[in-house]
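Here is what each chain is made of, one letter per residue.
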Amino acid sequence: MKTKTVVCVAPKQVVVQEEEIPDVEPGTFLVKAKLTAISTGTELTLVTADFPPDSVWARLAKYPLKLGYSHLGEVIAVGEGVDNVKVGDKVVGWKNHSQFVLYRKGEFCMKVPEGVPDEAAALFALAIISLNGVRRAKIQLGESVVVFGLGPIGIWAAQFSRLAGARPVIGVDLIPERREWAKKAGVDFVLDGKDKDELVDKISALTKGRMADVVFEVTGNPDAILDEVKVLRRQGRLIILSSPRGKTLFDFHDWCNWTSISIIGAHTSSHPPHENPDDPWTRERNTELFFELVRNKEIVAAELVTHRFKADDAPSAYQMLMTERGKTGIVLLDWE
């Protein structure tokens, strides 16, 4: 049996290829895709090869490279010994942009509960990246939060922070469209990132002179970090929720040691592999919570989708993202 898969064969060259998929054997099950969500940060970095040659990015970007990791589909065949899913179940998983995907018993896979729209369910992997970052920040009731970068992951960071008790939550972005999305999502205050000289004063006024307890870096721009630390209070926390593309020339004395801030990485791989007393928030637990928040209409999700392409048109989707990335929200590939 063959499947169609989105592959980056070389920098800036995305194609849809056919390939064989393994047979359904004991301990495996087959899922037919409904929707997959493009990660405009991670995937575009890999597609454009916009990273230093000596970076982790360079080790990850081995072409040809299968793209994608946020997959929604329906179970169509189940092998012997699989008892956690059945034919007809709607599931999400950490799988590539592919028409058919095979799961092995024990791999990450979550059933989608009733009441969660397909367009929202397909976003699970992107949403829990943000949710994990907010958990890493350990936000306390009444702390002030500033989110730099108001793409979907930034908007979720703002929403999850507010649910965790942050007051106020302030969003900063250069792009007018993204600032409008953030306003519609209920972010308390939204500022234009171009006003660098006024940004510190504005955030000081909004936080009653205390400055930000927590800053989220979600721009992916390594140079932006130099401005972001300026709005943190002494002993505040800088959360690197994006995956910055390149090096930052950072004065650790003036902006880390002297101010005694904490710099916290929040890559999705920091999810614990298993629930434990110190950290029960696995990918499974965060996905379960994301679905519940969507179903209860406590956060935006499908509202952040701005474009939807047929899967065969995936190369056009990536071409659009390479030229108009700043004006796009979430881009979905439709496999049905």
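Above this text you will find the structure in question.
About the thresholds
- Residues numbered from 1 in each chain as written.
- Predicted model: local features only at pLDDT ≥ 70, side-chain atom pairs only at ≥ 80, totals over all residues.
- Heavy atoms only, no water.
- Pairing = 2+ DSSP bridges.
- Helix = DSSP H or I, 4+ residues; strand = E, 2+ residues; numbered from the N terminus.
- Axes fitted to C-alpha atoms, helices over the stretch in contact; angles between N-to-C directions.
- Buried < 20%, exposed > 50% of the residue type's maximum accessible area, 1.4 Å probe, protein only.
- Lys, Arg positive; Asp, Glu negative; His and termini not counted.
- Salt bridge = Lys/Arg side-chain N within 4 Å of Asp/Glu carboxyl O.
- Polar contact = N/O pair within 3.5 Å; in protein donor to acceptor, adjacent residues only side chain to side chain.
- Contact = heavy atoms within 4.5 Å.
- Expected span 1.5 Å × (residues − 1).
- Arc of directions from axis to C-beta.
- Core = buried A, V, L, I, M, F, W, Y, C linked by side-chain atoms within 4.5 Å.
- Parallel < 35°, antiparallel > 145°, perpendicular 65-115°, else oblique.
- Left-handed = near helix turned anticlockwise from the far one by under 90°.
- Nonpolar A, V, L, I, M, F, W, Y, C, P; charged D, E, K, R; others polar.
- Phe/Tyr/Trp six-rings, centres within 6.5 Å; stacked < 30°, edge-to-face > 60°.
- Lys NZ or Arg CZ within 6 Å of the ring centre and 35° of its normal.

Participant: Help me understand the sheet that holds strand E9 (residues 145–148), please; the structure alone is not making it clear to me.
Facilitator: Adjacent strands of a sheet pair through backbone hydrogen bonds, lying either parallel or antiparallel. Taken in spatial order, the six strands line up as E11-E10-E9-E12-E13-E14 in an open sheet, and their pairing is parallel. Every other strand in the sheet has two partners, leaving strand E11 (189–192) and strand E14 (262–265) as the edge strands with one partner each. On average, each strand axis in the sheet is tilted by 20 degrees relative to the strand beside it, whichever way the strands run. Pairing analysis gives four bridges linking strand E10 (residues 169–173) to E11, with the strands arranged parallel. Within the sheet, the bridge partner assigned to Asp-173 lies in E11 and is Asp-192.

Participant: It is not clear to me how the side chain of Glu-217 should be interpreted in this structure. Could you clarify?
Facilitator: Counting through the fold element by element, Glu-217 comes out in strand E12 (residues 212–217). Buried charge Glu-217 goes without a salt bridge, the closest partner of opposite sign being Arg-245 at 7.1 Å. At a separation of 2.9 Å, a polar atom in the side chain of Glu-217 contacts the side chain of Thr-219. Beyond its immediate sequence surroundings of up to four residues, Glu-217 is in contact with Phe-148, Ala-224, Ile-225, Glu-228, Ile-239, Ile-240, Leu-241 and Ser-242.

Participant: Please clarify how helix H10 (residues 283–295) should be interpreted in this entry.
Facilitator: Three or four residues apart is the spacing at which side chains of an α-helix point the same way, because the helix has 3.6 residues per turn. Given a rise of 1.5 Å per residue, 13 residues ought to cover 18 Å, and the 18 Å separating the end C-alpha atoms of H10 matches this to within 8%. Looking at H10, one finds that the buried residues are Asn-286, Thr-287, Phe-290, Phe-291, Leu-293 and Val-294. Projected down its long axis, H10 shows its buried positions confined to an angular sector of 165 degrees, all on one face. Next to the buried residues of H10 lie strand E6 (90–93), strand E8 (110–111), helix H3 (118–121), helix H4 (124–137) and helix H5 (152–163). Of the residues one or two after H10, Lys-297 is the one with positive phi, at around 60 degrees.

Participant: Would you explain the nonpolar core in this entry?
Facilitator: One broad rule of soluble globular proteins: the nonpolar side chains tend to lie buried together. Among the nonpolar cores identified, the biggest contains 56 residues, and Trp-156, Phe-216, Phe-290 and Ile-330 are the most heavily contacted of them. Here this core takes nine residues from H4, the largest share from any one element. Residues contacting Trp-156, with those up to four places away along its chain left out, are Leu-123, Leu-126, Ala-127, Ser-130, Ile-299, Val-300, Ala-301, Leu-304 and Ile-330. With 24 residues, the next largest nonpolar core counts Ile-38, Ala-58, Ala-311 and Tyr-318 among its residues.

Participant: Got a minute to help me understand the packing of H4 against H5 in this structure?
Facilitator: In a pair of packed helices, the angle between the axes and the distance between the axes together describe the arrangement. Packing of H4 against H5 leaves a shortest axis separation of 9 Å and a crossing angle of 45 degrees. One element, H4, and the other, H5, form an angle in the oblique class. Crossing geometry of H4 relative to H5 is assigned as right-handed. Taken together, the residues of H5 that come into contact with H4 (itself represented by Leu-126, Ala-127, Ile-129, Ser-130, Leu-131 and Val-134) are Ile-153, Trp-156, Ala-157, Phe-160 and Ser-161. Within the contact of H4 with H5, the residues separate by chemical class into nine nonpolar, two polar and no charged.

Participant: It is not clear to me how the packing of H4 against H10 should be interpreted in this structure. Could you clarify?
Facilitator: Where H4 meets H10, the axes come as close as 9 Å, and the angle between the chain directions of the two elements is 105 degrees. By the criterion of interaxial angle, the relationship of H4 to H10 is roughly perpendicular. For the pair H4 and H10, the contacting residues are Phe-124, Ala-127, Ile-128, Leu-131, Asn-132 and Arg-135 in the first and Arg-283, Asn-286, Thr-287, Leu-289, Phe-290 and Phe-291 in the second. Broken down by class, the residue content of the contact of H4 with H10 amounts to seven nonpolar, three polar and two charged.

Participant: Got a minute to help me understand the pattern of salt bridges in this structure?
Facilitator: Pairs may arise between side chains of opposite charge once their charged atoms sit close together. Under the counting rule described, the total for this entry stands at 22 salt bridges. Note that Glu-143 is salt-bridged to Arg-237, the shortest N-O span being 2.8 Å. Remark: Arg-237 occurs in strand E13 (residues 232–240) and Glu-143 occurs in the loop between H4 and E9; sequence separation between them is 94 residues. There is no split in this pair, since Glu-143 and Arg-237 are both buried. With its nearest N and O atoms 3.5 Å apart, the salt bridge here joins Lys-202 to Glu-198. Pair noted here: Lys-202 and Glu-198 are both in helix H7 (residues 196–206), with a separation of four residues, about one helical turn.

Participant: Explanation requested: the packing of aromatic side chains in the structure shown.
Facilitator: Applying the stated criterion across every chain, the model contains eight aromatic pairs. Ring geometry for Tyr-69 against Trp-94: centres 5.5 Å apart, planes inclined by 20 degrees, an arrangement best described as stacked. You can see Tyr-69 sitting in the loop between strand E4 (65–66) and strand E5 (71–78) and its partner Trp-94 sitting in the loop between E6 and strand E7 (100–104), a full 25 residues away along the chain. The exposure class of Tyr-69 is buried, given its relative accessible area of 14%. Where Trp-94 meets Phe-124, the ring centres are 5.9 Å apart and the plane angle is 80 degrees; that geometry is what we call edge-to-face. With Trp-94 in the loop between E6 and E7 and Phe-124 in helix H4, the pair connects residues that are 30 residues apart, well separated along the chain. On the basis of relative accessible area, Trp-94 is assigned to the partly exposed category, the value being 24%. Grouping aromatic residues by their ring pairs yields a cluster made of Tyr-69, Trp-94, Phe-108 and Phe-124. In this structure, Arg-135 packs its charged tip against the face of Trp-281, placed 3.5 Å from the ring centre.

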